[in-house]
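Residue-level structure breakdown
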Amino acid sequence: MPQTVPRRVSGTDWLRDALPKLVLSPSLAVVLVFVYGFILFTFVLSFTDSRILPSFGWVGLENYQKLFGLRAWGIAIDNLLIFGSLYIVICCVVGLGLAIFLDQKIRAEGFIRTIYLYPMALSFIVTGTAWKWFLDPGIGLQAVVRSWGWEGFAFEWIKDPKMAIYTIVIAAVWQTSGFVMAMFLAGLRGIDTEVMKAAQIDGASTFALYRRIIIPQLRPAFMSAFVVLAHMAIKSYDLVIALTGGGPGTATEVPATFMYSYTFTRNQMGIGAASAVIMLMSIAAIMVPFIYSELRERK
Amino acid sequence: MASDVRAGASAAAIRPVGAPGSSQVIRTGGTARVAIYLILGLFCLYYLLPLYVMVVNSLKPLSEIQAGGMMSLPRDWTVEPWGKAWSTAQIGVAATGLRPFFLNSILMVVPAVALSTVLGAMNGYVLTKWRFRGDTWVFGMLLFACFIPFQMVLIPMARLLGLMGLAGTVPGLIFVHLVYGIGFSTLYFKNYYQQFPTELVRAAQIDGAGFFTIFRRIMLPSSGPIAVVCIIWQFTNIWNDFLFGASFSDFDSQPMTVALNNLVQSSTGVKEYNVHFAGAIMAALPTLLVYVVAGRYFVRGLMAGSVKG
Amino acid sequence: MRKVFVQTTAALALIAATSGVAAAADVEVLHWWTSGGEAGALNVLKQDLEKQGIGWQDMPVAGGGGTQAMTVLRARVTAGNPPSAVQLLGFDITDWAKEGTLANLDDVAGPGGWDAVVPAALQKFSKYDGHWVAAPVNIHSTNWVWANKKMLDELGIAAPTTWDELVAAMQKVKDAGKVAVAHGGQPWQDATIFDAVAMSTGGPDFYRKAFIDLDPEALGSDTMKQAFDRMTVIRGFVDDNFSGRDWNLASAMVINGEAAFQFMGDWAKGEFLNAGKVPEQDFLCFRFPGTEKEVTFNTDQFAIFKQGDAVKPEQAALATAIMSPEFQQAFNKVKGSVPARTDVSVADYDACGQKAYEELKAAASSDNLIGSMAHGHANPASIKNAMYDVVTAQFNGEYDAATAVQELVSAVDLAR
């Protein structure tokens, strides 16, 4: 269906014709310079011997060779895959579920919604400490449950190199799932109740109703949620630093912590830039087709 | 999209009509409702737990924390950590507490949020109602910009800010946040305006209304809910940002997160966890306030049925 | 090309300085001393300067033992807006000097007689190319053991002086059902222990060869393997919840009588004092067994950044104030470290502090004052972190000692 306003044919009124583009152009200009320009800059840096500050001694592919020789980089990539997919899926499931439940004329809805939403307001600089304590077997959940008399209870994920990445998922879901819930709730409230009533009269089961009619209509909400979540997953830095610092050992290293550490802590800016380039390429590989297909369907 | 088809049918659809909010689909017997409340309650616990840890420990003397028992209620209740975090804790050389840094943050956050929201609204308006050849590409480029890792842009950004004479200034910081906020604010507004009946815009245009008039008279009045979402998002991100705030500020413009970080991250000193937690909650209060206050309008806006089909 | 960049950066710095970004006769100081004691002590410096009519513009950025501040510094220098003075550690000073960003302090250091009072091991960092570029504030020594005296007395353990005695002592504690070693599993903490263990295992010559000269033979030697083996032994005496624990929570375990020993630098003393404990009565401080004569150190220094051609008068005044015996004495008493000058009276320091200062002076004169690998005073950041990776991975049981030695050689090679 048509979305576009047909422009009036008026050859003289150039300004009116160009106005929308003029309004958009500053945004486009800054993004071209400060995003795409910087990507290009980073791309160039990744072929140089930059260490503490950018320098331009060409070293070819050396940084990339070093990067893929590093054990920590492989771990970081694996972790991002595990963390990113779990995080996005769980957030969507929890967010959608809570939104559906909260949409059932719940008493004190506003209050509950605020509770679900507030974690987004807190920075991980400190909630990290609270989570760290809570997950620590010596002082947190495990200790409390054991003090209640359930001696066999064990919850030591944060200390276990194989499980630690999942504790990061728990804390990350805690932070954003409420926001995702709000997005879905907004979507649910935007759906035509008439259609639902008609379907209900036709005898559709509750489950079928959600599956066939309601959830498909939430597609824009899913898209927004996916973009928000994917961006949070890739940028997760504060969270990992606050919770595990990349440990135990290097078990919870993610690309963002890797890149920061090589660029700024280890003074190997060239390798840091190379990791940023690989990161961006992977993001592009996932996001570009996604954005493309979403945008095409809107036409 | 199904919802769009009917959206244009009536102008009333865009005005607040106070339609009922909940769609309540699950036909509920007693047990189902109990189960729903139970689940919602359990999730409340999940979301509140870290806050509990923070609040409880911010009301204890430090000795109690050091002796263990970080999860238990205080034996000696005290509000001293709060006073300390606010006005006497050592942030740098001076023992100022977090107080002076609030203003710095507000001076930065308010303009940055306002500007990026307005810009996002304009962009969304153009991209949905004044489409042109290649607009999808433009939107795609803006959207992909959301994904750039901030650590990567630090050095080139510093260089350009220096060249523009904005290094270490509040306008510089606002500019940085504006640049990296465009992607999301445009996304929010575009998705929202997409549902908005284009026929109305066309009709106004035939009546001779110009680009800005249509925006002001027709689009803006119905943008409440999405503006709230956008403001919440931008406010949270900018208020909580540490990396840019630390790197692009000067001694007299350091935002609150930098101060909080200084309070919390001392490397070789004694860690006063109770003061840290008090400070953290305090630092989050403005965002919490935005959530509580704006959250209400958020829902009210949604209930007004502005995006109802 | 690097030259060009540095030159433009310097030129920008000049523009920034002349256009009044930093107001005349004020010093802007970037540092990460934000906790009560340290910051309070730094306030002495501020007041000192204010008496001379020089304003202090405070730019604290804490976190990661200074790494956050280093990130900010990079942004500031790149923007052409460097602070007047910056707290820097070890090789970072050299790295920034190499970029041509540090000012020459010879005209301040000469009349101040710095050459005579600062130990040569520190001058290695304070000077670049023979010229003073930074003023040292303190010396932390990192090879300390902190012990709960009551527990040792009850178990009949004397302060161990050799590795074997240490192992026996740790075993005794473990058998008594307590935690032998309070430790936090963070890379720098693992490396702090490894530092002491390597020194104890191979002695100062081996330590220098391996960590300072980066001699592949020493790095790949059997002595190194033995050091890693000893790390495995220590790992056996650490409790299960060690990973990710902050160092001060580990200190608390010793303070509260849950654990017997902590291997940590002298800043841990503050935690003990703060908990109302008295040195020699409630807790013991002694060097890691087998490193009694050596002192591995790190030193905080203030590097003066170029803000024009010559050192500005207020920058010179700041450097002079930092080096004054009164400031060094007062500051280090609070900080738990010892003065960078060797001619300061420490009569009013506590027992551990006095002991530390005497041992330091002895080590300095016998050439046993050696930069700590774990704290960035043996090799540059890239290599230090590459070593962290291996030490941490091995300590967490990701691979055995033999593999660790090979990994160490290749990691160092990769990071050079």
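Residues numbered from 1 in each chain as written. Chains lettered and ligands numbered in written order. Predicted model: local features only at pLDDT ≥ 70, side-chain atom pairs only at ≥ 80, totals over all residues.

A few points about the overall build of chain B
From N to C terminus, chain B includes 14 helices and zero strands. Put simply, chain B has 309 residues, and 54% of those count as buried. For chain B, contacts bridging at least 24 residues in sequence account for 75% of all contacts bridging at least 6. (Helix = DSSP H or I, 4+ residues; strand = E, 2+ residues; numbered from the N terminus. Buried ≥ 20, exposed ≤ 12 C-beta atoms within 10 Å, placed from the backbone. Contact = placed C-beta atoms within 7 Å.)

Side note on the interface of chain C and chain A
With 26 residues of chain C at the interface, the matching set in chain A holds 27 residues. Sorting the residues of the side of chain C that touches chain A by element identifies α1 (2-18), α3 (67-78) and α18 (381-395) of chain C as the ones contributing at least two each. Tallying contributions element by element places α18 of chain C first for the side of chain C that touches chain A, with six residues.

Comments concerning the UniProt feature "transmembrane region" (unreviewed entry) in chain B
Listed under "transmembrane region" (unreviewed entry) in the UniProt record, and renumbered for this structure, are residues 34-55, 101-125, 137-158, 170-189, 218-236 and 277-299 of chain B. Split by type, residues 34-55 of chain B is 100% helix and 0% strand. Its first and last C-alpha atoms lie 30 Å apart. (UniProt positions renumbered as here; feature names shortened; annotations may be inferred.)

Focus: the domain arrangement of chain C
Residue and element names in this part refer to chain C. Each domain of chain C was delimited in the assignment, giving domain 1 (2-140 + 299-364) and domain 2 (144-296 + 366-415). Every element with two or more residues in the side of domain 1 that touches domain 2 is listed here: α4 (90-98) and α17 (351-365). With nine residues, α17 is the largest single contributor of residues to the side of domain 1 that touches domain 2. (Domains from an automatic or database assignment.)

A look at helix α7 (residues 150-164) of chain B
Residue and element names in this part refer to chain B. Between its terminal C-alpha atoms α7 stretches 20 Å, which fits the 21 Å expected from 15 residues at 1.5 Å a residue. Its axis deflected by about 35° at Pro156, α7 carries its strongest bend there. Burial of α7 is extensive: 12 of the 15 residues sit out of reach of the surface. Of all the residues in α7, the buried ones are Gln151, Met152, Val153, Leu154, Ile155, Pro156, Met157, Ala158, Arg159, Leu160, Leu161 and Gly162. Looking at the residues trailing α7, positive phi occurs at Gly165, about 75°. (Expected span 1.5 Å × (residues − 1). Bend = angle between axes of the 7 residues up to and from the residue.)

Some points on the sheet that holds strand β6 (residues 134-136) of chain C
All names here are of chain C. Spatially, five strands are ordered β2-β1-β3-β13-β6 in an open sheet, and the strand pairing comes out mixed. Each having just a single partner strand, β2 (55-60) and β6 make up the two edges of the open sheet. Looking at each pair of strands side by side, their axes are set apart by 30° on average, direction ignored. In the sheet, β6 pairs with strand β13 (residues 300-304) via three bridges, with the strands oriented antiparallel. Residue pairing for β13: Pro136 is matched across the bridge by Gln301. Against the sheet, helix α15 (residues 313-323) touches β1 (26-31), β3 (85-89), β6 and β13, its axis set at about 55° to β1. (Pairing = 2+ DSSP bridges. Axes fitted to C-alpha atoms, helices over the stretch in contact; angles between N-to-C directions.)

Thoughts on the sheet that holds strand β14 (residues 338-339) of chain C
Residues and elements named next belong to chain C. Here we have four strands laid out as an open sheet, ordered β14-β7-β12-β15, and mixed in their pairing. Here the strands that pair on one side only, and so sit at the sheet edges, are β14 and β15 (369-371). Across two bridges, strand β7 (residues 138-141) lies against strand β12 (residues 295-298) in antiparallel orientation. For Ser141, the partnering residue across the bridge sits in β12 and is Phe297. Here helix α10 (residues 187-212) sits on the sheet in contact with β12 and β15, set at roughly 75° to β15.

Quick notes on the nonpolar core
The biggest cluster of nonpolar side chains holds 315 residues, and the ones touching the most others in it are Val133, Trp146, Phe261, Ala303 and Met387 of chain C. If we ignore the near neighbours within four places in the chain, the residues touching Trp146 of chain C are Ser251, Val254, Phe261, Gln262, Met264, Ala268, Phe272, Phe283 and Cys285 of chain C. (Core = buried A, V, L, I, M, F, W, Y, C linked by C-beta atoms within 7 Å.)

Some details on the pairing of β1 of chain C
Residue and element names in this part refer to chain C. Across the six residues of β1, five count as buried, placing the element largely inside the fold. Across six bridges, the pairing between β1 and β2 is parallel. Paired with Val29 across the strands is Asp58, a residue of β2. Relative to β3, β1 is paired through two bridges, and the arrangement is parallel. In the sheet register, Leu30 faces β3, and the bridge partner there is Val86.

Some words on the packing of helix α7 (residues 164-189) of chain A against helix α10 (residues 219-235) of chain A
Residues and elements named next belong to chain A. The geometry of α7 relative to α10 is characterised by a closest axis approach of 9 Å and an angle of 165° between their N-to-C directions. Viewed along their axes, α7 and α10 adopt a mutual orientation that is roughly antiparallel. The hand of the α7/α10 crossing is right-handed. Mapping the contact onto sequence places Thr176, Val180, Met183, Phe184, Ala186 and Gly187 in α7 and Pro220, Ala221, Ser224, Ala225, Leu229 and Met232 in α10. For the contact of α7 with α10, a count of residues per class yields nine nonpolar, three polar and no charged. (Parallel < 35°, antiparallel > 145°, perpendicular 65-115°, else oblique. Left-handed = near helix turned anticlockwise from the far one by under 90°. Nonpolar A, V, L, I, M, F, W, Y, C, P; charged D, E, K, R; others polar.)

A short note on the interface of chain B and chain A
At the interface, 89 residues of chain B touch 81 residues of chain A. No other element matches the 13 residues that helix α14 (residues 273-303) of chain B contributes to the side of chain B that touches chain A. Looking at the side of chain B that touches chain A residue by residue, the class counts come to 57 nonpolar, 24 polar and eight charged.

Some words on unusual backbone geometry
Residues and elements named next belong to chain C. One non-glycine residue, Asp129, lies in the positive phi region at around 60°. Overall, Asp129 belongs to the exposed group, with 9 C-beta atoms counted inside 10 Å. Even without a glycine there, the phi angle at Leu214 is positive, about 55°. Inspection of the secondary structure assignment puts Leu214 in the loop between α10 and α11 (216-219). You can call Leu214 partly exposed: it has 18 C-beta atoms within 10 Å.

Points about the environment of Ala280 of chain B
Within the secondary structure layout, Ala280 of chain B lies in helix α14. Considered as a pair, Ala280 of chain B and Arg133 of chain B are 147 residues apart in the sequence and their alpha carbons are 48 Å apart.

Observations regarding the pairing of β13 of chain C
Residues in a regular strand point their side chains to alternate faces of the sheet. In terms of residue burial, β13 of chain C counts as a mostly covered element, since five of its five residues are buried. Burial along β13 of chain C is two-sided: Asp300, Phe302 and Ile304 of chain C facing one way and Gln301 and Ala303 of chain C facing the other are all buried.

Concerning the confidence of the model for chain B
Residues and elements named next belong to chain B. For chain B, per-residue confidence averages 81 on the pLDDT scale, and residues scoring 70 or more make up 84% of the total. Confidence, expressed as mean pLDDT per element, reaches its minimum in chain B at helix α1 (residues 2-7) with 34 and its maximum at helix α5 (residues 99-129) with 93. Low pLDDT, under 50, characterises residues 1-20; the stretch is placed with 32 contacts to residues that sit more than four places away or in other chains. Note that pLDDT drops below 50 for residues 301-309; the model gives that stretch 33 contacts with residues more than four away or on any other chain. (pLDDT = per-residue confidence, 0-100.)

Notes on the environment of Glu165 of chain C
Residue and element names in this part refer to chain C. Note that Glu165 resides in helix α9 (residues 163-175). In this structure the C-alpha to C-alpha distance between Glu165 and Pro289, which are 124 residues apart in sequence, comes to 8.2 Å. Those residues within four positions of Glu165 in sequence are excluded, and the remaining contacts are Pro160 and Pro289.

Here's the deal with the domain arrangement of chain B
Residues and elements named next belong to chain B. Domain annotation for chain B reports domain 1 (28-78) and domain 2 (96-303). For domain 1 and domain 2, the distance between their C-alpha centroids amounts to 31 Å. In this assembly, seven residues from domain 1 lie in contact with seven residues from domain 2. For the side of domain 1 that touches domain 2, the secondary-structure elements that each account for two or more residues are α2 (30-58) and α3 (62-66). It is α2 that contributes the most residues to the side of domain 1 that touches domain 2, four residues altogether. Residues that form the side of domain 1 that touches domain 2 fall into these classes: four nonpolar, two polar and one charged.

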